[in-house]
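Topology and contacts: notes
As a plain string of letters, each chain reads:
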Amino acid sequence: AQEIPLRVLAPGRVTVDAEWRSDSPAANETALLTLSLEHPGTNRIYARRTAKSPLRIEQQITPADIERGKRIVVRLQNDDRAKVKGRVKVTFAPAL
């Protein structure tokens, strides 16, 4: 698994987009990855999805979430044997 730690200092929406391709062209049709957004300070998983590429999760971060800790983690996990390459984009839009 790959983890991307983030510090969220204000309430708002976190959006995570991931896309990937397998090194094996035959595996591209079935290459499933699990994308999750976690709050390690509370052992809470905000969102988790397992699917083929592309994959998106969104989560609203509240003031109460930030009080419990400003660190969140984007986790991308490949449970398949096929290696994959791709990109992950994390966007934060503060609440106005």
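Presented here is a report on the structure given in the accompanying data block. (Residues numbered from 1 in each chain as written. Predicted model: local features only at pLDDT ≥ 70, side-chain atom pairs only at ≥ 80, totals over all residues. Heavy atoms only, no water.)

Now for a nonpolar patch on the surface. There is a patch of nonpolar side chains on the surface, built from I4, V88 and V90 and spanning about 180 Å² of accessible area. By the element assignment, V90 lies in strand 7 (residues 84–94). According to the relative accessible area criterion, V90 is partly exposed, its value standing at 31%. (Patch = residues over 30% accessible without salt bridge, like charges linked within 9 Å, V, L, I, M, F, W, Y side chains within 5 Å. Areas by Shrake-Rupley, 256 points an atom, 1.4 Å probe, with all protein chains shown as cover. Salt bridge = Lys/Arg side-chain N within 4 Å of Asp/Glu carboxyl O. Helix = DSSP H or I, 4+ residues; strand = E, 2+ residues; numbered from the N terminus. Buried < 20%, exposed > 50% of the residue type's maximum accessible area, 1.4 Å probe, protein only.)

A few words on the layout of surface pockets. Computed from the structure, the largest pocket encloses a volume of approximately 200 Å³. Counting residues per element, the ones that place at least two in the lining of the largest pocket are strand 6 (71–77) and strand 7. Of all the elements, strand 7 adds the most residues to the lining of the largest pocket, at five residues. Its residues assigned to classes, the lining of the largest pocket shows six nonpolar, four polar and two charged. (1 Å grid on protein atoms, 1.4 Å probe; cavity = no way out; pocket = protein on both sides within 12 Å on 5 of 7 lines; lining within 4 Å. Points joined across faces, edges and corners; volume = space filled by probe spheres on them. Nonpolar A, V, L, I, M, F, W, Y, C, P; charged D, E, K, R; others polar.)

Looking at where L9 falls in the secondary structure, it is placed in the loop between strand 1 (2–7) and strand 2 (12–22). We classify L9 as exposed; its relative accessible area is 57%. A sequence separation of 62 residues divides L9 from R71, and the C-alpha atoms of the two residues are 8.7 Å apart. Among residues more than four places away in sequence, those in contact with L9 are I66 and K70. (Contact = heavy atoms within 4.5 Å.)

Here the focus is the environment of K89. The topology assignment puts K89 in strand 7. Among the residues examined, K89 registers a relative accessible area of 43% and is labelled partly exposed. For K89 and G41, which are 48 residues apart along the polypeptide, the C-alpha to C-alpha distance reads 23 Å. Apart from residues no more than four positions distant in its own chain, K89 is found in contact with T15, V16 and D17.

To continue, consider the side chain of S36. Positionally, S36 belongs in strand 3 (residues 33–39). Judged by relative accessible area, which is 2%, S36 ranks as buried. For S36, the side chain forms a polar contact with the side chain of E38, separated by 3.0 Å. In this structure S36 touches A47, R48, I57, V73, V74 and R75, once residues within four positions along its chain are discounted. (Polar contact = N/O pair within 3.5 Å; in protein donor to acceptor, adjacent residues only side chain to side chain.)

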